[in-house]
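# Tertiary structure, described
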Amino acid sequence: MSDPQQDLNRDLKQLIIDALGLEDIGVDDIDDQQPLFGDGLGLDSVDALELGLAIQKRYGIKIDADAKDTRNHFSSVAALAAFVTARNAA
Amino acid sequence: MPTLSGRCYESFLGKAVLQGGIKSTVITFDISQWRAWAPGLVTPADWQAWAQGSRHSCSEAASPDVSFLPAMQRRRLSNLARMAFAVGWPLAEGYEALPLVFASRHGETPRTFAILSDLADQQPLSPTQFSLSVHNAIIGLWSILRGETSEMTAIAAAGDGLEQGLLEAAALLAEGAPAVLLILCEELPPAVYDAWVDDVPFAYALGLLVTPGQQWQLSPGPAATQSLPPALPHALSWLQATLRGVNCFTHTWKRRSWTWQRQP
């Protein structure tokens, strides 16, 4: 039986890989809690914009790039999943 | 063309000659090393066979190997950027600071076409595509990935980008650079441009390590008559002539004619 939370995490990882053209990386290489930016996965500010666009397209969520808490929502796959779940429930 | 100041003309390009009654200049330089890449044309032996007229298969890998870069750095490199890096990287080996002249007539046409298609479909634009579609994006990536802060220039100079790029390189040599890297590359544009773009027989890149010297002499002048478009892009024509051992040849682009001479 599949866990919807795990499915969402997995979807988000695949979205990150596809949208950002990560070569030689699979969904299993990204940890749910791993920081996406800086020292973690190593994404940068252009990636943040690209990922925001991909999430907007995939989940129909509008993301305010200037909002204070946007940075937190993008900190890890787990944080992104929580954000997507909360916004879809709203 | 930026940065080609009058001072450079005076100090280095100075040898004025009369050609058809019009005052012209001669530049001299060495081409210490070259590298070239096209689908199916990878090794010097491949290019030698091509220069002697043998047919090559364009069906081989459409993108060169840039595995010398980590995956996280490769991911933003388009095919055009990969070609530029594949020919330029080995030439830059051992140079701590190496100015770069990048010349491409058509640039990142696949990226710009993708952006235009999104615009036409009223889709939001990809920030990555947008930021990497500009003509100097590749030299920006080169600078970041190599930690290179020397002067770099990106030019789009119609059909004689090779010669315009060498003029730029000669000016940098005149300012004291011990060597200049010149990269010429063209990507096969999306098929939608077929009716307008007829000077890219196949995707190709040529890298030249240009150093001070007298090996080559290049002089611009007016073309005698309105000439036909060249059979090969100048970069490929230069390579073919060089590999065939031709010491004197002319490249004509519309009203401009460039005379190449190599010291035998």
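Residues numbered from 1 in each chain as written. Chains lettered and ligands numbered in written order. Predicted model: local features only at pLDDT ≥ 70, side-chain atom pairs only at ≥ 80, totals over all residues. Heavy atoms only, no water.

The name that an unreviewed UniProt entry assigns to chain A is Phosphopantetheine-binding protein, with the source organism given as Pseudomonas shirazensis.

## Notes on the packing of aromatic side chains
Residues and elements named next belong to chain B. Enumeration according to the criterion identifies 12 aromatic pairs over all chains in this entry. Centre to centre, the rings of Trp89 and Trp142 are 5.6 Å apart; their planes meet at 75°, and the pair counts as edge-to-face. Note that Trp89 is positioned in helix H4 (residues 79–92) and Trp142 in helix H7 (residues 137–146), a separation of 53 residues in sequence. The exposure classification of Trp89 matches that of Trp142, with both residues buried. Directly above the aromatic system of Trp89 lies the positively charged group of Arg146, at a separation of 4.3 Å from the ring centroid. (Phe/Tyr/Trp six-rings, centres within 6.5 Å; stacked < 30°, edge-to-face > 60°. Helix = DSSP H or I, 4+ residues; strand = E, 2+ residues; numbered from the N terminus. Buried < 20%, exposed > 50% of the residue type's maximum accessible area, 1.4 Å probe, protein only. Lys NZ or Arg CZ within 6 Å of the ring centre and 35° of its normal.)

## With respect to helix H8 (residues 161–174) of chain B
Residue and element names in this part refer to chain B. With 14 residues, H8 ought to run about 20 Å at 1.5 Å a step, and its terminal C-alpha atoms sit 20 Å apart, in line with that. Among the 14 residues of H8, 13 are classified as buried, and the element is accordingly described as predominantly covered. Looking one or two residues past H8, Gly176 carries a phi angle of roughly 110°, positive in sign. (Expected span 1.5 Å × (residues − 1).)

## Here's the deal with the interface of chain B and chain A
Of the residues lining the interface, 14 residues belong to chain B; the matching set on chain A comes to 16 residues. Broken down residue by residue, the surface that chain B buries against chain A is led by B:Met72, B:Arg75 and B:Pro127, which jointly contribute 45%. Across the chain B-chain A interface, the total number found is six salt bridges. Its salt-bridge partner being A:Asp47, residue B:Arg76 comes within 2.7 Å of it at the nearest N-O pair. Applying the counting rule to chain B against chain A returns nine residue pairs in polar contact (both at pLDDT 80 or more). Breaking the side of chain B that touches chain A down by element, the ones donating at least two residues are helix H3 (71–74) and helix H6 (127–132) of chain B. Ranked by the residues each element gives to the side of chain B that touches chain A, the list is headed by H6(B), at four residues. (Contact = heavy atoms within 4.5 Å. Buried area = accessible area lost by both parts, 1.4 Å probe. Salt bridge = Lys/Arg side-chain N within 4 Å of Asp/Glu carboxyl O. Polar contact = N/O pair within 3.5 Å; in protein donor to acceptor, adjacent residues only side chain to side chain.)

## Points about the packing of helix H2 (residues 45–59) of chain A against helix H4 (residues 77–89) of chain A
All names here are of chain A. At a minimum axis separation of 12 Å, H2 and H4 run at an interaxial angle of 40°. In terms of orientation, H2 and H4 fall into the oblique class. For the pair H2 and H4, the crossing hand works out as right-handed. From H2, Leu51, Ile55 and Tyr59 reach across to H4, where they touch Leu80, Val84 and Asn88. Looking at side-chain class alone, the contact of H2 with H4 contains five nonpolar, one polar and no charged residues. (Axes fitted to C-alpha atoms, helices over the stretch in contact; angles between N-to-C directions. Parallel < 35°, antiparallel > 145°, perpendicular 65-115°, else oblique. Left-handed = near helix turned anticlockwise from the far one by under 90°. Nonpolar A, V, L, I, M, F, W, Y, C, P; charged D, E, K, R; others polar.)

## So, the side chain of A:Asp32
All names here are of chain A. When you line up the elements, Asp32 lands in the loop between helix H1 (4–19) and H2. Owing to a relative accessible area of 17%, Asp32 belongs among the buried residues under this scheme. A polar contact of 3.1 Å, which involves the side chain of Asp32, links it to the side chain of Asn9. Of the polar contacts made by the side chain of Asp32, one reaches the side chain of Lys13; its length is 2.7 Å. Asp32 has contacts with Gln6, Asn9, Lys13, Ser76, Val77 and Ala78, leaving out every residue within four places of it along the chain.

## Examining the pattern of salt bridges
Side-chain pairs of opposite charge can arise where the charged atoms are in close proximity. Enumeration according to the criterion identifies 12 salt bridges over all chains in this entry. Residues joined by salt bridges that share partners form a network here, namely A:Glu23, A:Asp24, B:Arg74 and B:Arg82.

## Quick notes on the packing of helix H2 (residues 44–51) of chain B against helix H9 (residues 234–244) of chain B
All names here are of chain B. With their axes 9 Å apart at the nearest point, H2 and H9 run at an angle of 90° to one another. Here H2 is positioned roughly perpendicular relative to H9, judged by the angle of their axes. Contacts between H2 and H9 pair Trp47, Gln48, Trp50 and Ala51 from the former with Leu236, Leu239, Gln240, Leu243 and Arg244 from the latter. Among the residues making up the contact of H2 with H9, the classes are represented as six nonpolar, two polar and one charged.

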